[in-house]
Amino acid sequence: MRLSLYALGLIILIYGCFEIVERTWLTGLEMSARHMLHMVRGVFSSVVVAFFVGWMIVKNSPGFLEAAPIDEEWLQKPHPTEKERVQIYARWFIAMRWIAVLLSGILVFVSVRLVEWLPREVWWPLVLTVAALAAFNILYNLLLRWGRGIPMLLLLQGYIDLIILTLLLHFSGGVENPLSMMMIFHVIIGGILVSRRQCYWIAATASLLFAWLTWAEWAELVEHYTLQLFPHFEQQGGEMLHPAHHSAYVLSRGFLQSVILFLTAYFVTTLAERLRENERRLEAMAARALAGQQLLEQSLQTTGVGLRVLGCDLQTFWANARWKEWFECPPGTTWEGTERLTDTNSPARQTLVDGEIRVTEIVFEKGASTLPLAAANNDERVFQLTTAPLRDVSGNIQQIVELAQDITEQKQTQAQMLRAGKLATVGELAGQVAHEVNNPITIISGKLRLLLADRRSDMASDIAEELGKVLDSTHRVARVAQGLLSYCRPAIGRRIALDVREPIRKSLAMVGEMAKTGGVEIEERLFEGLPVIKANANDLEQVFLNLFLNALDAMPEGGRLTVSTSPDLLRLQNGKNAIAVVVEDSGAGIDETLRERIFEPFFTTKPDGRGTGLGLSICLGLVQSQGGEIEVGSASGHGAQFTVKLPVDT
């Protein structure tokens, strides 16, 4: 509807402009000249409208002849089925037919009404034939929309179009009409859209229809309508000689038409088949190349390697998904260190200059904003970057390839091994110190016991009390030294069957007064009837005492210390049954980044002078010497929880 309104508007515009010109400047022309101008106006308006409408139809028609780029996106799209392909071709055929209807209508109007190249008696037959062409086009469109007869729709259009073209040729000069060569257009379309065999059938049908038309006019079975545009000659007696009635012309014209149609069918189908074969080969090659690229990307992704290829302008030509994940930050993020990949001293730029292979380490540190996914949980990432040139057969550098490996864990492992070596040395030294301390402490405690046993009656009561405190302190120092020796030089102490509640309550009694002074409430939830464990009581007292003291230090403003056991048995890593003692506090908790280091000797978060960093390391050594395990669970600001697992006596 919109297209019809556009065409009508163009006609009104052209006729309106012509009327203004005629009434303003051409009123004095003779009638014959004005009649000629009217004919020119009709031809001009018909050509302009035909061009505009044809352009609109072509613009809005499906461009099935447009070559789509064979790329990764095209290969991943589902290819159209045979039915869908026929529908695409049929829609294009229908769009082209509307152009044919338009041009045919204009030619009929110009040839009959304006320039009178054809007699007036063929006006209505030609109009009805063009109307039949339009009606069939509407029918094709409906069949396409309803999905009826899709497989045969292209052939149906081709054969009916040939019949209608034959009728148009008959009423417009027959064999004398040069537009008879339009049959070649149908053969060309058939060679492109259908198979070779079907194209030959179209060529044969066109040849038979043209042969029937020429024979019928030559034999005067049907009337021959003169096309004035075609040159005619007068015979003797004044009669006009029509080439359509000349035997030699008819035979040569029909034979030439058939030869041209079949040769056209042969060449078009041959070219079309070769093009289809080349297209299939290109698709297969592109599919293999895409499969190879995907295999390379999957292999690199599996091995955890990032790969990037740069051009001589140092712009990324290709990069795999791992490289993009590591180094291509999303908008609004920062990752300090990425500028080293692109600055003037980047490995790629240096390799482009001298052609040398380089292996460098690059450290990326957390910036002001969120890191990419690969580094979201770490303060820094360390990458080993191998940069090498890609040369052509002449040895000239064409591209630069960069291979990146994340060696963060490797670096961390190396650092841990180095720290472990240092700790081993420090531990050995601490063991020696503890051994040296243990000897004089043993002598001091022995002398104090003898002094209190033999001379207590000679001492004042307050002096005896103070000496008792000194003796208790020497016992404590001896136990710490023994624990340090047990950590550095594990040894199996004397173990007895005992109730785990006994060392817990003894340790709680030792810190009870300190807890009351610091405003810490102690909650004891020890389950009755726990299985008996076999352990060293003094070692367990030392473990729980250290845990309780750490909990009190974590609550300087007061809080709650909870000691609990569970009736359910747990499993140790060696598969043995164990009971669990949980020590919880309501203090500040332990930062996640410090959890892995809290059991290291001499590591402490307490202020200078408040801790030696040996408490938890001694606890770990003592618990392990009993065959147990110790775990920590904590979140910053939510208190700490230590779980001591001790094997039951079987």
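Every value quoted in this text rests on a predicted model; they were computed, and no experiment measured them. (Residues numbered from 1 in each chain as written. Predicted model: local features only at pLDDT ≥ 70, side-chain atom pairs only at ≥ 80, totals over all residues. Heavy atoms only, no water.)

### Overview of the overall build of the protein
Each helix and strand in the protein was counted, giving 16 helices and 16 strands. Relative to its full complement of 650 residues, the protein shows a buried share of 39%. As displayed, the protein offers around 37,700 Å² of accessible surface, 59% of which is attributable to carbon and sulfur atoms. (Helix = DSSP H or I, 4+ residues; strand = E, 2+ residues; numbered from the N terminus. Buried < 20%, exposed > 50% of the residue type's maximum accessible area, 1.4 Å probe, protein only. Areas by Shrake-Rupley, 256 points an atom, 1.4 Å probe, with all protein chains shown as cover.)

### Considering the environment of Arg456
By the secondary structure assignment, Arg456 is in the loop between helix 12 (408-455) and helix 13 (461-488). Assessed through its relative accessible area of 44%, Arg456 is described here as partly exposed. When the C-alpha atoms of Arg456 and Leu467 are compared, they prove to be 9.9 Å apart, with 11 residues separating the residues in sequence. Residue contacts for Arg456: discarding those within four places in its chain leaves Leu451 and Ala464. (Contact = heavy atoms within 4.5 Å.)

### Remarks on the packing of helix 6 (residues 150-171) against helix 8 (residues 196-218)
Between helix 6 and helix 8, the least distance of the axes is 10 Å, while the angle of their chain directions is 20 degrees. Considering their axes alone, helix 6 and helix 8 lie roughly parallel with respect to each other. Crossing angle aside, the handedness with which helix 6 passes helix 8 is right-handed. Across the interface between the two elements, Leu155, Tyr159, Leu162, Ile163, Thr166, Leu169 and His170 of helix 6 pack against Gln198, Trp201, Ile202, Thr205, Ala206, Leu209, Leu213 and Glu217 of helix 8. When the residues that make up the contact of helix 6 with helix 8 are grouped by side-chain class, the tally is 10 nonpolar, 4 polar and 1 charged. (Axes fitted to C-alpha atoms, helices over the stretch in contact; angles between N-to-C directions. Parallel < 35°, antiparallel > 145°, perpendicular 65-115°, else oblique. Left-handed = near helix turned anticlockwise from the far one by under 90°. Nonpolar A, V, L, I, M, F, W, Y, C, P; charged D, E, K, R; others polar.)

### Some remarks on helix 8
A rise of 1.5 Å per residue sets the reference length of helix 8, with its 23 residues, at 33 Å; its end C-alpha atoms lie 33 Å apart and thus fit the reference within 8%. Buried residues of helix 8: Cys199, Ile202, Ala203, Ala204, Ala206, Ser207, Leu209, Phe210, Leu213, Thr214, Ala216 and Glu217, and no others. The positive-phi residue at the C-terminal boundary of helix 8 is Glu220, with phi of around 55 degrees. (Expected span 1.5 Å × (residues − 1).)

### What about the packing of aromatic side chains?
Taken as a whole and assessed by the stated rule, the structure comprises 7 aromatic pairs. Where Trp123 meets Trp124, the ring centres are 6.4 Å apart and the plane angle is 70 degrees; that geometry is what we call edge-to-face. According to the relative accessible area criterion, Trp123 is buried, its value standing at 16%. Here Arg97 stacks its cationic end above the ring of Phe93, 4.8 Å away from the centre of that ring. (Phe/Tyr/Trp six-rings, centres within 6.5 Å; stacked < 30°, edge-to-face > 60°. Lys NZ or Arg CZ within 6 Å of the ring centre and 35° of its normal.)

### Description of the environment of Val127
With respect to the element layout, Val127 can be found in helix 5 (residues 123-146). As a C-alpha pair, Val127 and Ser104 span 23 residues in sequence and 9.1 Å in three-dimensional space.

### Considerations on the pattern of salt bridges
Two side chains bearing opposite charge may form a pair once their charged atoms approach each other closely. Scanning all chains against the criterion turns up 19 salt bridges. Between Glu631 and Lys645 there is a salt bridge whose closest N-O contact spans 2.9 Å. With Glu631 in strand 15 (residues 629-634) and Lys645 in strand 16 (residues 640-647), this residue pair connects regions lying 14 residues apart in the sequence. Note on Lys645: relative accessible area 10%, which makes it buried. (Salt bridge = Lys/Arg side-chain N within 4 Å of Asp/Glu carboxyl O.)

### A few points about the packing of helix 14 (residues 501-517) against helix 15 (residues 537-553)
As a packed pair, helix 14 and helix 15 sit with axes 8 Å apart at the nearest point and diverge in direction by 30 degrees. For the pair helix 14 and helix 15, the sense of crossing is right-handed. Listed contacts from helix 15 to Pro503, Ile504, Lys506, Ser507, Leu508, Met510, Val511, Met514 and Ala515 of helix 14 are Ala537, Leu540, Glu541, Phe544, Leu545, Phe548, Leu549 and Leu552.

### Details of the confidence of the model for the protein
Low-pLDDT portions of the prediction should not be read for the details of their coordinates. In the predicted model, the protein carries a mean pLDDT of 76, and the fraction of residues at 70 or more is 74%. The least confident element of the protein is strand 5 (residues 335-336), whose mean pLDDT is 50; the most confident is helix 8, at 91. Per-residue pLDDT stays below 50 along residues 61-65; that stretch engages in 11 contacts with residues further than four places along the chain or on separate chains. Here residues 367-378 is modelled with pLDDT under 50, and outside its nearest four sequence neighbours on either side it reaches 26 contacts, counting other chains as well. (pLDDT = per-residue confidence, 0-100.)

### So, unusual backbone geometry
Positive phi, close to 55 degrees, is recorded for Glu220, a residue that is not glycine. Mapped onto the elements, Glu220 comes out in the loop between helix 8 and strand 1 (233-234). A residue is classified by how much of its surface remains accessible, and Glu220, at 58% relative accessible area, is exposed. Phi is positive for Leu314, which is not a glycine, with a value near 60 degrees. Position of Leu314 relative to the elements: it lies in the loop between strand 3 (305-310) and strand 4 (316-319). The exposure class assigned to Leu314 is buried, which follows from its relative accessible area of 17%.

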